[in-house]
Protein chains: 2
Amino acid sequence: MIVACLDPRCDPTKFFNLDGYEAIVHRNAGGNIRHALRDILMLDRAFDLNEVAVVHHTDCGTLTSTDEQIRTHIKARVDKAHWAEVDAIEFGSMVDVEESVKTDVEWFRTNPLVREELKQGCQGFVLDTQAGKVQRVDVD
Amino acid sequence: MIVACLDPRCDPTKFFNLDGYEAIVHRNAGGNIRHALRDILMLDRAFDLNEVAVVHHTDCGTLTSTDEQIRTHIKARVDKAHWAEVDAIEFGSMVDVEESVKTDVEWFRTNPLVREELKQGCQGFVLDTQAGKVQRVDVD
Ligand SMILES: [Zn+2]
Ligand SMILES: [Zn+2]
């Protein structure tokens, strides 16, 4: 299973040379693994996954603002009664792509809900959107 | 923006005839809009979205089990200390595809965090994976 950003330039079938039917691809803003946990658990139950690849990319929109900036923007048009709901959302803005891949892989490998064997099958990658090339990130 | 299932048969660039660069596509298990809210809010802030299309499909894996079955399965291999975390995950299993599309659209249109104009731009669809055809679902 692959977790990648929903940015149209980050289609894993392209940079991993898949035909679109070989892997299950979850796509969210940034390719944040926390927000893919529900899917990973569901699919692992159904298919006994072997691998989870987390792919973040250069030029990602999530690098351009902080969670606080996003929250402030949303709160400006939302009734105060719902601000706690805004605060509860982890937008997962990034500061550094490689660092965020490492953090995601480490988070996954230490997550108590994930099956032990699958933790070992988790790898991180950075896609260089300019070069169109993906590189493995060494974790620990 | 399109929210669709990560099932490889549900690639919106195919059934909506997009070239892959015209729309932002979030993909999660089932195409559940609740789990796409973070992305929608982030992207609406960045791009002022006009439309959100929610697409669920026939034969979806999320139709084959209940949230309780998934939780029971995961709890069987997870330490009791973390069961509350398992219970906190809304897996969003479906019973009926058309009904789940309606529920998702209604949930979105009444969500206090969503911009009013964008609520109006939310539409639901069912993809028939056998026929490869997508049909709009009337909501109210
Ligand atoms: Zn991105
Ligand atoms: Zn599905």
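No experiment lies behind these values; they were computed from the predicted model shown.

## Some words on the state of the cysteines
Residue and element names in this part refer to chain B.
Consideration 1: The tally for this structure, following the rule as stated, stands at zero disulfides over all chains.
Consideration 2: Considering cysteine sulfurs only, Cys5 is the nearest to Cys10, which forms no disulfide, with 5.1 Å between them.
Consideration 3: Take Cys10: its relative accessible area is 3%, and that puts it in the buried class.
Consideration 4: The thiol of Cys122 is unpaired, and the distance to the nearest cysteine sulfur, on Cys5, comes to 17 Å.

## Things to note about the interface of chain B and chain A
Consideration 1: Every contact between the two is made by 44 residues of chain B and, on the other side, 44 residues of chain A.
Consideration 2: Interface area for chain B against chain A, summed over the two sides, is near 3,500 Å², with a carbon-plus-sulfur share of 66%.
Consideration 3: Of all residues in chain B, Arg38, Arg45 and Leu113 of chain B give up the largest surface area on contact with chain A, accounting jointly for 22% of the area buried on that side.
Consideration 4: Applying the counting criterion to the chain B and chain A interface returns zero salt bridges.
Consideration 5: Linking chain B with chain A are 15 residue pairs in polar contact (both at pLDDT 80 or more).
Consideration 6: Mapped by element, the contributors of at least two residues to the side of chain B that touches chain A are strand 2 (25–28), helix 2 (37–47), helix 3 (67–75) and helix 4 (83–88) of chain B.
Consideration 7: Among the elements that take part in the side of chain B that touches chain A, helix 2 of chain B stands out by supplying eight residues, more than any other.
Consideration 8: Residue composition of the side of chain B that touches chain A, by class: 21 nonpolar, 12 polar and 11 charged.

About the cut-offs
Along each chain, residues carry numbers from 1 onward, in the same order as the chain's sequence is written. Key to labels: chains lettered from A, ligands numbered from 1, both in the order written. Per-residue local features are limited, in this predicted model, to residues with pLDDT of at least 70; the limit for side-chain atom pairs, both in listing and counting, is 80 or more; totals at the level of whole chains, interfaces and linings are taken over all residues. The basis for every side-chain value is the complete set of non-hydrogen atoms in the structure, without hydrogens or water. The disulfide criterion is simple: two cysteine sulfur atoms within 2.5 Å. When a residue's accessible area, from a 1.4 Å probe over protein chains only, is under 20% of the maximum for its type it is buried; when over 50% it is exposed; and in between it is partly exposed. We call two residues in contact when some of their heavy atoms are within 4.5 Å. Here's the idea: put two parts together, see how much 1.4 Å probe accessible area each one loses, and the total over both is what we call buried area. Definition used for salt bridges: Asp or Glu carboxyl oxygen within 4 Å of a side-chain nitrogen of Lys or Arg. The term polar contact refers here to a pair of N or O atoms within 3.5 Å; inside protein, the definition further demands a hydrogen-donor-capable atom paired with an acceptor-capable atom, and it admits residues adjacent in sequence only when both atoms are side-chain atoms. Secondary structure elements are defined from DSSP: runs of H or I of at least 4 residues count as helices, runs of E of at least 2 residues count as strands, and each element is numbered from the N terminus. Any residue that is not Ala, Val, Leu, Ile, Met, Phe, Trp, Tyr, Cys, Pro, Asp, Glu, Lys or Arg is counted as polar, Gly included; the first ten are nonpolar and the last four charged.

It is worth stressing that arrangement in space is one thing and function is another; only the former is reported here.
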